[in-house]
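Notes for the structure review
So the chains spell out like this:
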Amino acid sequence: MPLIVVETNASLDPAQKRSLAVKLTELFTKTLHTAAAHTHVQVTDNQFLSLGGNPESPAAVVTIKAAESSISRDARKDLVAGISTALPQHLQCLSGDRIYMIFEEQPVQNFAVGDSIMTFDTMHTAKSVENFAEVAP
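Residues numbered from 1 in each chain as written. Predicted model: local features only at pLDDT ≥ 70, side-chain atom pairs only at ≥ 80, totals over all residues. Heavy atoms only, no water.

Describing helix α1 (residues 14-32)
Here α1 spans 27 Å end to end across 19 residues, near enough to the 27 Å set by a 1.5 Å rise per residue. If you check which residues of α1 are buried, you get Leu20, Leu24, Thr25, Leu27, Phe28, Thr29, Thr31 and Leu32. Close packing links the buried residues of α1 with β1 (3-8), β2 (40-44), β3 (60-67) and α2 (73-90). Looking at where α1 begins, the residue whose side-chain oxygen comes 3.0 Å from the main-chain nitrogen of alanine 15 is aspartate 13. Where α1 terminates, the next one or two residues include histidine 33, which has phi positive at roughly 55°. (Helix = DSSP H or I, 4+ residues; strand = E, 2+ residues; numbered from the N terminus. Expected span 1.5 Å × (residues − 1). Buried < 20%, exposed > 50% of the residue type's maximum accessible area, 1.4 Å probe, protein only. Contact = heavy atoms within 4.5 Å. Polar contact = N/O pair within 3.5 Å; in protein donor to acceptor, adjacent residues only side chain to side chain.)

Let's talk about the pattern of salt bridges
All chains considered together, the criterion is met by three salt bridges. The residue aspartate 45 makes a salt bridge to lysine 17 at a minimum N-O spacing of 3.2 Å. In this pair, aspartate 45 sits in the loop between β2 and β3 while lysine 17 sits in helix α1, placing the two residues 28 residues apart along the sequence. Judged by its relative accessible area of 11%, aspartate 45 is buried. (Salt bridge = Lys/Arg side-chain N within 4 Å of Asp/Glu carboxyl O.)

Side note on the sheet that holds β3
Reading across the sheet, the four strands line up as β2-β1-β3-β4 and stay open at both edges, with mixed pairing between neighbours. Pairing within the sheet leaves two strands with one partner each, and these edge strands are β2 and β4 (99-106). Ignoring which end each strand starts from, the neighbouring axes of this sheet average 15° apart. Here β3 pairs with β4 via eight bridges, running parallel. Bridge pairing in β4 places isoleucine 64 opposite phenylalanine 103. The sheet strands contacting α2 are β1, β3 and β4, and the helix crosses β4 at an angle near 140°. (Pairing = 2+ DSSP bridges. Axes fitted to C-alpha atoms, helices over the stretch in contact; angles between N-to-C directions.)

Brief notes about unusual backbone geometry
Excluding glycine, a negative phi dihedral is what most residues carry, and trans is how most peptide bonds are arranged. Located in the positive-phi region is histidine 33, a residue other than glycine, with phi close to 55°. Phi at serine 69 is positive, roughly 65°, even though this residue is not glycine. What makes serine 69 partly exposed here is its relative accessible area of 38%.

Side note on the environment of cysteine 93
With respect to the secondary-structure elements, cysteine 93 resides in the loop between α2 and β4. Classification of cysteine 93 by relative accessible area gives partly exposed; the value is 47%. In this structure, the C-alpha to C-alpha distance between cysteine 93 and serine 57, residues 36 residues apart in sequence, is 8.6 Å. Residues within four places of cysteine 93 in sequence aside, it is in contact with Ala10 and Pro58.

So, in structure tokens, the structure goes:
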């Protein structure tokens, strides 16, 4: 159930946003062994960003919000490498050193889809997606 939020000061057309969202969804579903239906991507362009005191050069801030313990250390490394590759491919003006990433973990009961609060039957890890269950509030 990761939520990937990409904020950039670059201008993107709708096709670029869709393409980036598809690429990030593929990356996360492959790395975390989760269904695409449980991976959510938000891309926001034309934001004011100043990385390293430089607001003029293209930059991106990527926030990954996920249930606690759902992204292992190895998966985190793979995601950082994948994001660092995917963003410059989809935003040609962006270089990898201008991407800032933040991983935020929350208790699983802090996630809801529609009117259902999400839980896991057992501790959720990247390899235990089969334990996923939905419980109505």
